[in-house]
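Structure at a glance
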Amino acid sequence: MPDPDRHQDIRDAVRALCAGFPDEYHRKIDAQRAYPAEFVEALTKAGWLAALIPQQYGGSGLGLAEASVIMEEINRAGGNAGACHGQMYNMGTLLRHGSQAQKALILPRIASGELRLQSMGVTEPTAGTDTTKIRTTAVKKGDRWVVNGQKVWISRVQHSDLMILLARTTPLAEVAKRSEGLSVFIVDLRQAIGHGMTVRPIPNMVNHETNELFFENLEIPAENLIGQEGQGFRYILDGLNAERTLIAAECIGDGRWFIDRVSAYVKDRVVFGRPIGQNQGVQFPIAEAHIEVEAADLMRWEACRLFDAHQPCGAQANMAKYLAAKASWEAANACLQFHGGFGFACEYDIERKFRETRLYQVAPISTNLILSYVAEHVLGLPRSF
Ligand SMILES: Cc1cc2nc3c(=O)[nH]c(=O)nc-3n(C[C@H](O)[C@H](O)[C@H](O)COP(=O)(O)OP(=O)(O)OC[C@H]3O[C@@H](n4cnc5c(N)ncnc54)[C@H](O)[C@@H]3O)c2cc1C
């Protein structure tokens, strides 16, 4: 079990950076539906978004445990790591499955901040969670792959230079297993947008830059295929375990933020002649949320430990994300409820964080799909779909 104190230096340094971006900054960005460019740039310059890049490529060579601490601290400080967490988990696909040439070409430039790898294009409007049914295709033509299809909810495309793309390279009808015949590519967004790829932003409940993407004969150089053709689903799953664990850490950061805020408030707010926090009807939901956040944290460390040891961690990553998203949502509800009407005022930042943490019941994987994964793959119950 990793020792959380081991990360105190990272926590202190990220907290110090985040202190330069107080609540007012994030509130203003949210109201303007803008991208926190200065904040992400500060994180990049300080090297935090290159944490997972090995030292030989200019990064700090840290593990998922350390990366998760960075994400947790951003959310705990009142920010939203959703603006930049893509770089952390997309890196995993390249790191674990990219060729030496791809890594040598790209990783040092990401580490220096010259390139951003913030986007991953998996979800499609018709397939939804049923990823193996995606309809976007990539067909080899000479030294190029030609991509046609559509994606939806693809985040940070307008603030990234590269995107990891999942496309079908062998038709579903021609593969033995439905998870085969899918491949992963690196798309250079600077070349693709306007030359076979169109981006249509999706305004949404959270201040989260996310988009519909349309591909019409987009050409990608052959060397942009990651790993082996047809094995992309497996590579993406590896990346998704990192993503789920990092988002669990963000939810833990959110949960602690909500609990800190509400605990301070209910001690001070006097109604009926005493602090509202003296009532057990107020205390218990806060205490319950705290217990759930702390329990989720233990599962997050277990997922990190296994991932960093290159051991299977699908169950732990999913369970960590499930527990943490549930805990942060409970904490958000308690925080909003016990602020009474003030919880709805933007200047308290609770309604913003409330919206942000709610997303994690649905994305990047919905709660139902985690339950289904655990039922089938951990408990051995009959496959349901
Ligand atoms: C803000 C935002 C950002 C996102 N960013 C990205 C991104 O960068 N890249 C990317 O690829 N995707 C991204 N996504 C997509 C996200 O991963 C999906 O929305 C999510 O996986 C759910 O898929 P869906 O929306 O197609 O829901 P559907 O698959 O249509 O499911 C809808 C609901 O039905 C339930 N459901 C479906 N099937 C079953 C079943 N068999 N049993 C029980 N319940 C079921 C689900 O739990 C879900 O709640 C993002 C989404 C959002 C909202």
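Just so we're clear, the structure is a prediction, and the values are computed from it rather than from any experiment.

1. Side note on the nonpolar core
The biggest cluster of nonpolar side chains holds 60 residues, and the ones touching the most others in it are Ile70, Ile74 and Met88. With seven residues, helix H4 (residues 64-76) is the single largest residue contributor to this core. Setting aside chain neighbours within four positions, we find Ile74 in contact with Val14, Cys18, Phe39, Leu43, Gly79, Asn80, Ala81 and Cys84. In this structure, Ala289, Val293, Leu336 and Tyr360 belong to the second largest nonpolar core, which totals 32 residues.

2. A short note on the packing of helix H8 (residues 232-268) against helix H10 (residues 314-338)
Their axes nearest at 8 Å, the elements H8 and H10 cross at an angle of 20 degrees. As summarised for this structure, H8 and H10 are arranged roughly parallel, according to the angle between their axes. Judged by the twist between their axes, the crossing of H8 over H10 is left-handed. Tallied by class, the residues present in the contact of H8 with H10 amount to 18 nonpolar, six polar and four charged.

3. Quick word on the pattern of salt bridges
A side chain with one charge may pair with a side chain of the opposite charge, provided their charged atoms come close. One pass over the full model with this rule turns up 29 salt bridges. Taking the shortest distance from any N to any O, the salt bridge between Arg6 and Glu66 comes out at 3.3 Å. You can see Arg6 sitting in the segment before helix H1 (8-19) and its partner Glu66 sitting in helix H4, a full 60 residues away along the chain. Owing to a relative accessible area of 49%, Arg6 belongs among the partly exposed residues under this scheme. Here Glu66 falls in the buried class, since its relative accessible area comes to 11%. Among the salt bridges present, the one from Lys133 reaches Asp130, with a minimum N-O distance of 2.8 Å. On the accessibility criterion, Asp130 (28% relative accessible area) is partly exposed. Where salt bridges share partners, they join Arg11, Arg15, Glu72, Glu73, Arg256, Glu294, Asp297 and Arg300 into one cluster.

4. What to know about a nonpolar patch on the surface
Judged by side-chain polarity, Val378, Leu379 and Leu381 come together as a nonpolar surface patch covering roughly 280 Å² of accessible area. For Val378, the location among the structural elements is in helix H12 (residues 367-378).

5. Focus: unusual backbone geometry
With an omega of -5 degrees, the peptide bond running from Ala363 to Pro364 counts as cis. Locating Pro364 in the fold gives a position in the loop between helix H11 (350-358) and H12. Even without being glycine, Arg33 reaches a positive phi, approximately 50 degrees. Looking at where Arg33 falls in the secondary structure, it is placed in the loop between helix H2 (23-31) and helix H3 (37-45). Located in the positive-phi region is Trp153, a residue other than glycine, with phi close to 65 degrees. One can find Trp153 in strand S3 (residues 144-155). What makes Trp153 partly exposed here is its relative accessible area of 48%.

About the thresholds
Residues numbered from 1 in each chain as written. Predicted model: local features only at pLDDT ≥ 70, side-chain atom pairs only at ≥ 80, totals over all residues. Heavy atoms only, no water. Core = buried A, V, L, I, M, F, W, Y, C linked by side-chain atoms within 4.5 Å. Buried < 20%, exposed > 50% of the residue type's maximum accessible area, 1.4 Å probe, protein only. Helix = DSSP H or I, 4+ residues; strand = E, 2+ residues; numbered from the N terminus. Contact = heavy atoms within 4.5 Å. Axes fitted to C-alpha atoms, helices over the stretch in contact; angles between N-to-C directions. Parallel < 35°, antiparallel > 145°, perpendicular 65-115°, else oblique. Left-handed = near helix turned anticlockwise from the far one by under 90°. Nonpolar A, V, L, I, M, F, W, Y, C, P; charged D, E, K, R; others polar. Salt bridge = Lys/Arg side-chain N within 4 Å of Asp/Glu carboxyl O. Patch = residues over 30% accessible without salt bridge, like charges linked within 9 Å, V, L, I, M, F, W, Y side chains within 5 Å. Areas by Shrake-Rupley, 256 points an atom, 1.4 Å probe, with all protein chains shown as cover.

What is shown is where atoms sit, not what they do.
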